[in-house]
Amino acid sequence: MDLITVPASTASTTGTTAPLKVAVVLASNREGRFGPVVADWFLSHTGPHPGIETDLIDVAELGLPVALSYRPDADAQARLAAASARLAAADAFVVVTPEYNHSFPAPLKNLIDWHRAEWQAKPVAFVSYGGVSGGLRAVEHLRQVFAELHTVGIRDTVSFHNAGALFDDEGRHRDPAGCDAAAKALLDQLIWWGHALRDAKAVRPYGA
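Within every chain, residues take consecutive numbers counted from 1 along the sequence as written. Local features in this predicted model are restricted to residues of pLDDT 70 or higher, and side-chain atom pairs are both shown and tallied only at a pLDDT of 80 or more, whereas totals for entire chains, interfaces and linings draw on every residue. The side-chain quantities take in all heavy atoms of the structure and omit both hydrogens and water.

We call two strands paired when DSSP finds no fewer than two bridges between them. The helix and strand labels rest on DSSP assignments: H or I over at least four residues marks a helix, E over at least two residues marks a strand, and numbering proceeds from the N terminus. Note that strand 1 (residues 20-26) and strand 2 (residues 52-58) share 7 bridges and pair parallel. Among the inter-strand pairings, Lys21 is bridged to a residue of strand 2, identified as Glu53. The definition of a right-handed crossover adopted here requires that, viewed with the strands pointing away, the path from the first strand over the helix to the second runs clockwise. In this view, the connection linking strand 1 to its parallel neighbour strand 2 by way of helix 2 (residues 35-44) has right-handed handedness.

Have a look at this one:
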């Protein structure tokens, strides 16, 4: 029986031609939250990038248990399994977060802490919003947390200062030039790192 070998050029391009799967994590579950407006705005900017697929992961819809346990009950296991599968499938992450009391929301920390391998060796970018700080203090805390999980933090961010006044009733930014440019820079970096890390893991699994 003849063995069929895949040409090296074909094998090397497989990872780069598959769509990059980007999980967009909406981090707030607060009543009356502004996060969906910001998340929708960001997702509207992924359209010009046909090489990526997005999955919006809303912490308000996950229903994860708030008490970490080595023996979660059957219902908790099912909820965790659904969230874990979506995180594991992602090649890259974008976290959309507000700032609460100089940091990021507890439901996001809960989602992070239930997982580990799902985050590893993947890039994570940040879109933040808030008052005068624009959520940047939350992002600085998140960079430390995600570094512990072996992610690659994307340098450039998108931040909205006094966010509620920046968007109209239809969720459109009133003066989009600056934030549109910031979103492009963020996505360009995220896509580069997403492909670079995915291709590297295809050659050598992370940690091996």
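On we go.
This paragraph deals with the pattern of salt bridges. Counted as salt bridges are all cases of a side-chain nitrogen of Lys or Arg within 4 Å of a carboxyl oxygen of Asp or Glu. The final tally for this structure, using the stated rule, is 10 salt bridges. Here Asp58 makes a salt bridge to Arg33, at a shortest N to O gap of 2.7 Å. In this pair, Asp58 sits in strand 2 while Arg33 sits in the loop between strand 1 and helix 2, placing the two residues 25 residues apart along the sequence. For the salt bridge of Arg143 with Glu140, the shortest nitrogen-to-oxygen distance reads 3.8 Å. On the criterion of helical spacing, the pair formed by Arg143 and Glu140 is a turn pair, its members being 3 residues apart in helix 6 (residues 136-148).

Another aspect to go through is the layout of surface pockets. Looking at the largest pocket, its volume works out to about 150 Å³. Residues are said to line a cavity or pocket when one of their atoms sits within 4 Å of a point; the points come from a 1 Å grid over protein atoms alone, cavities being sets where a 1.4 Å probe fits but cannot get out and pockets being open sets with protein on both sides within 12 Å along at least five of seven lines. Contributing to the lining of the largest pocket are Asn29, Val59, Leu62, Gly63, Leu64, Val66, Ala106, Pro107, Asn110 and Leu111. When residues in the lining of the largest pocket are grouped by element, the largest group, 4 residues, is from helix 5 (residues 106-113). Across the lining of the largest pocket, the residue classes tally to 7 nonpolar, 3 polar and no charged. Grid points are joined across faces, edges and corners, and a volume is the space filled by probe spheres set on the points. Gly counts as polar in this scheme, as do all residues outside two lists: the nonpolar Ala, Val, Leu, Ile, Met, Phe, Trp, Tyr, Cys and Pro, and the charged Asp, Glu, Lys and Arg.

Within the element layout of this structure, Arg198 appears in helix 7 (residues 177-203). When its relative accessible area of 15% is taken as the criterion, Arg198 is described as buried. Along the backbone, Arg198 and Pro123 are 75 residues apart, and their C-alpha atoms lie at a distance of 9.8 Å. Any pair of nitrogen or oxygen atoms within 3.5 Å is treated as a polar contact; in protein, a donor-acceptor pairing is required on top of that, and neighbouring residues in sequence qualify only through side-chain atoms on both sides. Within the structure, Arg198 has its side chain in polar contact with the backbone oxygen of Pro19 (distance 2.9 Å). Partly exposed residues are those whose accessible area sits between 20% and 50% of the maximum for their type, while under 20% is buried and over 50% is exposed, using a 1.4 Å probe and protein chains only.

Of note in this structure, Asn101 is not a glycine but carries a positive phi near 50 degrees. Secondary-structure assignment places Asn101 in the loop between strand 3 (92-98) and helix 5. Relative accessible area serves as the criterion here: at 77%, Asn101 is assigned to the exposed category. In the Ramachandran plot, His102 falls in the positive-phi region, its phi being about 70 degrees despite a non-glycine side chain. Secondary-structure assignment places His102 in the loop between strand 3 and helix 5. Under the relative-accessibility criterion, His102 is labelled partly exposed at 47%.

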